[in-house]
Amino acid sequence: MILTFFLRFSTKFGQSLFVSGSPAALGADDVSKAIPLQYFNDQFWQGTVEIDDAQVTSSPIEYRYLLHEADHTEVVEWGNDRHIETGKGEAKSLVIIDTWNHAGDIANAFYTQAFHDVLLKAGSTPVKSKPLKNYTHEFKVKAPILGENEVLFLTGIGKELGDWKTETPMVMTRSGNWWTTRVNLSGVTYPIAYKYGVFNQATNSFVQFESGINRTLPVTNLKGKNMLVHDGFAQVPVPKWKGAGVAIPVFSLRSKNGFGTGEFADIKLLVDWAKITGLKLIQLLPINDTTATHTFLDSYPYAAISAFALHPLYLNLGTVAGKKYQKVLAPIAEQQVALNALPEVDYEEVMKVKFDYIRRLYNEQKTVFKNDPKYVEFFELNKHWLVPYAAFCYLRDKNKTADYSQWKSHSVFNEASIQKIAAPGQKQYDSIALHYFIQFHLHLQLKDATAYAHSNGIVVKGDLPIGIYRYGCDAWMEPDLYNMNAQAGAPPDGFAIKGQNWGFPTYNWTKMQEDGFSWWRRRFEQMSHYFDAFRIDHILGFFRIWSIPLNAVEGILGKFVPAIPLHPNEFYQLGISFMHQRYCKPYITEAIVNDRFGGNSGMVKSIFLDSKDGQLQLKPEFDTQRKIEAYFKQQGATTDADVLKQGLFDLVSNVILLEEEGSGSQQFHFRINMDETTSFRDLDEFSKEQLKKLYVNYFYRRQDDFWRKEAMKTLPELKRSTNMLVCGEDLGMVPACVPDVMRELGILSLEIQRMPKDPKTEFFHPADAPYLSVVTPSTHDMSTIRGWWEEDHGKSQRFYNNILGHYGSAPFFCEAWLNKEIIIQHLYSPAMWSILQLQDLLGIDETIRRNDPHEERINIPADPKHYWRYRMHIGLEKLALNQSFNQTLKEFVQVSGR
């Protein structure tokens, strides 16, 4: 089989193009073995590949194109839907005319799982045409959104193409993502001019031609060959589809028959309510197992011990029991009612009771369960993570810690030894198989809930945490994939002035790339079983991560990794001395100690400080934040001790530069916000001015192209591995390259009213959102609209006047009409999605919203030990019956065009 490829692409100097595909002659889907194309003319690149008969199977040949940039970065076009039929009767010599599919093309969003499988699920389009057997050309084109009863047609010059007639056009057939038709153009003179158009089959009438100039086929010698034309997207208007959704964690859901927490079964009730109100999406927080300590600390949903296992918290015991085993649950009926009546989640008690009775249900059902064909299939498909995860849980509980470095055995993962302890017949088998049982039922219940959502036209959006738990199963199994000597976090912002330290190890991208990001591919595949879209938590981490040394407690001592470091010569070039001791060591003076510690200054100097050469310095046993933390932990917690500890933390972080470990004092990074330190304050004015210039260049200029290249090594590959709709949480200290990369890859941005990305503005207006974005007034990391309104009256006053456009004094409290105006602003935004926290939606109605808005906040990022326990104060069943509220919300959604 001989394939001649023509790709329509105008390159720039230094760019080159390749084709990769499923047969060995096209590299067997290994992009490193892709076949180079040759420059043909200003419009096309061309290449010919001969595929021997041994490589030609009954399955279609799949292929795609790659662009190699001058800077050695690589871009693979979007999509996996270019196919060449190879069955009986198909051409053995084929000329293929293709158009590059740019990932950032808005139309591609409508072929993702969220739209293709749920929102725009295509039915069979009746087409009044017969397939042509003797053909020379096959035309394929895409049009993601057409009106009811509308189809595409092909017309052009000459009778074979219909002579541009629109009364009885050559109607195309929809096959997968493509509209397709075959024609015989053997007697036509080249070049051929043609267009696509839209035809309404119900009214038998012409609707429109596509816009733009006529399409043409180049002069090509087709003797003995057929031609396949992939024409990209038909140039017909694509309506800027808009939808609205609700965001709420699963644990926050409340139902009549709940167990003190939301469960997967409750998602169905949320779907019912969403459908009533016209919402088209529900967004959840991470739902993976976080059980590490068996305390409330495990309520933090972003610290999963497994990127694959679901959280037992969300299991509905009644469904597991079924009618046959309901008696097993009878003893906890009253306890269930009591826990469900609580205003917040009692995480520890709920988990304790649930786990006890899950174990009892397993013991009752284990003989039947292991022979269930559905379970057998589930086990076979998931054993690559399920067996190690179950063994990890068993060893965690046996050793009474998730810190596997402290385990007496199996502290280093060995697959053979884990398979041995997990083998049936071992005395601990039931303790391990219990977790198979739990995960199987969690899978069934979540799959059932999401299938119900899909059947009702509701998209389910998940959340992909940026990190993994340091003492979790993933790190235990494959520690080489992570930098275990570092901690991931975030630089200081308005929510956490000392920065955030999440404690997660950072990713070893170089190692992950060696097997084509296999771990990420498995992770996305697992998510796609349940979700149609997902949010990438802290997408900035794919450009660079805020990396904190293990000896630091606070995020303020972190630095971006990777980053182009500073060299001492750069200081001399600006006319200032490079003073290693002064810039890199904590700057401590008598005045600083007296000012910071007041009456405790003498004690601080006596216990924690030494004097050397007239300079104060921390004693070696207290020269890091971790050492100080360990000392005060031993002393016991008191208010005074916390004040002292924080003061000493501030002394440690009172530096201007952070030295790159192993650089021989030749590479350095600025400490974030160094201009706010007393170390900087006490420098001479000229040095401060020059350091500030270097600081601005370091953070806002010199890294940008470097970080773009880093992101392009990972994000395109990861996005290609899934067809879910991808949204990025691009908040915080955003590099200038981020918006361009996200647009280029078709990743939706997140736009939040009180977190504008333009530093010159105080508030972002939803009307200014790009189409490929999600707008929201608040997230789980923030106070709700009502809570925020009360935090800073000066800000809410400016918002009232400048964003809402009202005169006079702003109300002190966020009354329902104000909350309503803010919601409506977001619904009318041009963004593809407006996704609103449930608390903010309830805030538009005085009769059903919570009295105290501060009880509605889900997380406080500045508190690393925050208890995640928010619950709805009203049950989903009751909410669905509130006709007045639901009708009002539905009207807002519909009138706004969502």
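Shown above is the structure to which this text applies.
The rules behind these values
- Residues numbered from 1 in each chain as written.
- Predicted model: local features only at pLDDT ≥ 70, side-chain atom pairs only at ≥ 80, totals over all residues.
- Heavy atoms only, no water.
- Helix = DSSP H or I, 4+ residues; strand = E, 2+ residues; numbered from the N terminus.
- Rg over C-alpha atoms; globule rule 2.2 N^0.38 Å.
- Buried < 20%, exposed > 50% of the residue type's maximum accessible area, 1.4 Å probe, protein only.
- Contact = heavy atoms within 4.5 Å.
- Areas by Shrake-Rupley, 256 points an atom, 1.4 Å probe, with all protein chains shown as cover.
- Lys, Arg positive; Asp, Glu negative; His and termini not counted.
- Charge placed at Lys NZ, Arg CZ, Asp CG, Glu CD.
- Expected span 1.5 Å × (residues − 1).
- Arc of directions from axis to C-beta.
- Pairing = 2+ DSSP bridges.
- Core = buried A, V, L, I, M, F, W, Y, C linked by side-chain atoms within 4.5 Å.
- Axes fitted to C-alpha atoms, helices over the stretch in contact; angles between N-to-C directions.
- Parallel < 35°, antiparallel > 145°, perpendicular 65-115°, else oblique.
- Left-handed = near helix turned anticlockwise from the far one by under 90°.
- Nonpolar A, V, L, I, M, F, W, Y, C, P; charged D, E, K, R; others polar.
- Salt bridge = Lys/Arg side-chain N within 4 Å of Asp/Glu carboxyl O.
- Phe/Tyr/Trp six-rings, centres within 6.5 Å; stacked < 30°, edge-to-face > 60°.
- Disulfide = S-S within 2.5 Å.
- Polar contact = N/O pair within 3.5 Å; in protein donor to acceptor, adjacent residues only side chain to side chain.

Engineer: So what about the overall build of the chain? Which residues, and what values?
Structural biologist: On a plain count of helices and strands, the chain comes out with 27 helices and 36 strands. Taken over the C-alpha trace, the chain has a radius of gyration of 31 Å; the compact-globule value for 898 residues is 29 Å, and the two agree within 12%. Here the C-alpha coordinates of the chain stretch approximately 100 × 80 × 70 Å along the principal axes. Residue burial in the chain is summarised as follows: out of 898 residues, 56% are buried. Taking as baseline every contact in the chain between residues at least 6 positions apart, the subset at least 24 positions apart corresponds to 72%. Of the roughly 38,900 Å² of accessible surface on the chain, 52% is carried by carbon and sulfur atoms. When the 95 basic and 103 acidic side-chain charges of the chain are each reduced to a single mean position, those positions are 4 Å apart.

Engineer: Outline helix α2 (residues 266-277), supporting the account with residue identities and numerical values.
Structural biologist: Look at α2: 17 Å from first C-alpha to last across 12 residues, which is about the 16 Å you get at 1.5 Å a residue. Buried within α2 are the following residues: Asp-266, Ile-267, Leu-270, Val-271, Trp-273, Ala-274 and Thr-277. For α2, the arc enclosing every buried residue in end-on projection is 165°, short of the 170-degree limit, so these residues lie on one face. Buried residues along α2 sit against β19 (243-247), β20 (281-283), α8 (429-455), α25 (838-842), α26 (876-880) and α27 (883-895). Backbone geometry just after α2 places Gly-278 at a positive phi near 85°.

Engineer: I'd love a proper account of the sheet that holds strand β13 (residues 173-175), names of residues and values included.
Structural biologist: Sheet architecture is open: eight strands sit in the order β4-β5-β1-β9-β18-β10-β14-β13, paired in mixed fashion. Since the sheet does not close on itself, it has two edges, and those belong to β4 (38-39) and β13, each with one partner. Looking at chain direction, β13 and strand β14 (residues 178-183) are connected through three bridges and run antiparallel. Bridge pairing links Ser-175 to Trp-178 in β14.

Engineer: How would you summarise the nonpolar core if you had to cite specific residues and measurements?
Structural biologist: Ranked by internal contacts, the top residues of the largest apolar core, which has 226 residues, are Tyr-436, Trp-520 and Phe-670. Sort the elements by how many residues they give to this core and helix α6 (residues 373-399) lands first, with 13 residues. Excluding residues that lie within four positions of it along the chain, Tyr-436 makes contacts with Phe-369, Tyr-375, Phe-378, Phe-379, Leu-386, Val-387, Ala-390, Ala-422 and Tyr-429. Counting 29 residues, the second-largest nonpolar core is a separate cluster that includes Ile-97, Val-188, Val-198 and Phe-199.

Engineer: How would you explain helix α21 (residues 738-745) if you had to name every residue and give the values?
Structural biologist: Val-738, Val-741, Met-742 and Leu-745 are the residues of α21 that are buried. Down the axis of α21, the buried set is contained in an arc of 95°. They therefore lie on one face. Close packing links the buried residues of α21 with α20 (704-720), β33 (725-728) and β34 (749-752). Note on α21: the residue one or two positions beyond its end, Gly-746, has a positive phi of about 70°.

Engineer: Can you break down the packing of α6 against α8 residue by residue, with the values?
Structural biologist: Look at α6 against α8: their axes get within 8 Å of each other, and the N-to-C directions meet at 130°. When the interaxial angle is binned, α6 and α8 end up oblique. As α6 packs across α8, the resulting crossing turns out to be right-handed. Grouping the amino acids of the contact of α6 with α8 by side-chain chemistry returns 14 nonpolar, four polar and two charged.

Engineer: Give me the pattern of salt bridges: which residues, what numbers.
Structural biologist: Within the structure shown, the criterion is met by 40 salt bridges. Asp-623 is paired through a salt bridge with Lys-627; the nearest N and O atoms lie 2.9 Å apart. Look at the salt bridges and you will find they share partners, linking Asp-463, Arg-535, Asp-537 and Glu-729 into a network.

Engineer: If you had to explain the packing of aromatic side chains to someone new, which residues and values would you point to?
Structural biologist: Under the criterion given, the structure shown has 78 aromatic pairs. Between Tyr-302 and Trp-868, the ring centres sit 6.0 Å apart and the planes meet at 55°, which makes this aromatic pair tilted. With Tyr-302 in the loop between β20 and α3 (317-321) and Trp-868 in the loop between α25 and α26, the pair connects residues that are 566 residues apart, well separated along the chain. In this structure Trp-868 comes out as buried when scored by relative accessible area, which is 3%.

Engineer: I'd like to hear about the sheet that holds β20, residue by residue, with values.
Structural biologist: A sheet is described by the order of its strands in space; here eight strands give the open sequence β33-β26-β21-β20-β19-β36-β35-β34, paired in parallel fashion. In the strand order of this sheet, the two ends are held by β33 and β34, each with one partner. Along the sheet, successive strands turn relative to each other by an average axial angle of 25°, direction set aside. For strand β26 (residues 533-536) and β33, the ladder comprises four bridges, and the chain directions are parallel. Following the sheet pairing, Phe-534 is matched in β33 by Val-726.

Engineer: Talk me through the pairing of strand β30 (residues 615-618); I want residue IDs and the actual numbers.
Structural biologist: If a strand is regular, its side chains alternate between the two faces of the sheet. Alternating positions in β30 separate cleanly, Leu-616 and Leu-618 being buried on one face and Gln-615 and Gln-617 remaining unburied on the opposite face. Joining the antiparallel neighbours strand β29 (residues 609-612) and β30 is a turn of two residues, in which Asp-613 adopts a positive phi near 55°.

Engineer: Can you explain the state of the cysteines? Please cite residues and give values.
Structural biologist: A complete count under the given rule lists zero disulfides for this structure. With no disulfide partner, Cys-737 has as its closest neighbouring cysteine sulfur the one in Cys-727, 20 Å distant. A relative accessible area of 4% places Cys-737 in the buried class.

Engineer: Hey, could you go over unusual backbone geometry for me, with residue numbers and the actual values?
Structural biologist: Leaving glycine aside, a negative phi is the common case for residues, and trans is the common case for peptide bonds. Across the junction of Val-561 and Pro-562, the peptide omega takes the value 0°, indicating a cis bond. The residue Pro-562 is located in the loop between β28 (559-561) and α12 (568-573) in this model. Backbone geometry at Ala-28 places phi at a positive 55°, although glycine is not the residue there. On the secondary structure map, Ala-28 appears in the loop between β2 (16-21) and β3 (35-36).

Engineer: Lay out the side chain of Asn-819 in plain terms, naming residues and giving numbers.
Structural biologist: Examined against the element boundaries, Asn-819 turns out to sit in helix α24 (residues 816-827). Not counting chain neighbours up to four residues away, the residues in contact with Asn-819 comprise Ile-785, Arg-786, Cys-814, Asp-840, Gly-843, Ile-844 and Arg-849.

Engineer: Mind laying out the environment of Ile-51, listing which residues take part and the relevant values?
Structural biologist: Along the chain, Ile-51 turns up in the loop between β5 (44-50) and β6 (61-68). Put simply, Ile-51 and Ser-10 are 41 residues apart on the chain and 27 Å apart in space, counted from C-alpha to C-alpha. Once residues lying within four places of it in the same chain are set aside, the contact partners of Ile-51 are Met-1, Leu-3, Pro-23, Ala-25, Val-56 and Ile-61.

Engineer: Give a detailed account of the environment of Ser-778, specifying residues and quantitative values.
Structural biologist: Positionally, Ser-778 belongs in the loop between β35 (773-776) and α22 (785-791). You can call Ser-778 buried: its relative accessible area is 2%. Residues Ser-778 and Glu-751 lie 27 residues apart in sequence; the distance between their C-alpha atoms is 9.7 Å. Dropping the residues within four chain positions of it, Ser-778 is found in contact with Arg-754, Ser-783, Thr-784, Gln-837 and Asp-840. In terms of polar contacts, Ser-778 uses its side chain to reach the side chain of Asp-840, at 2.5 Å.

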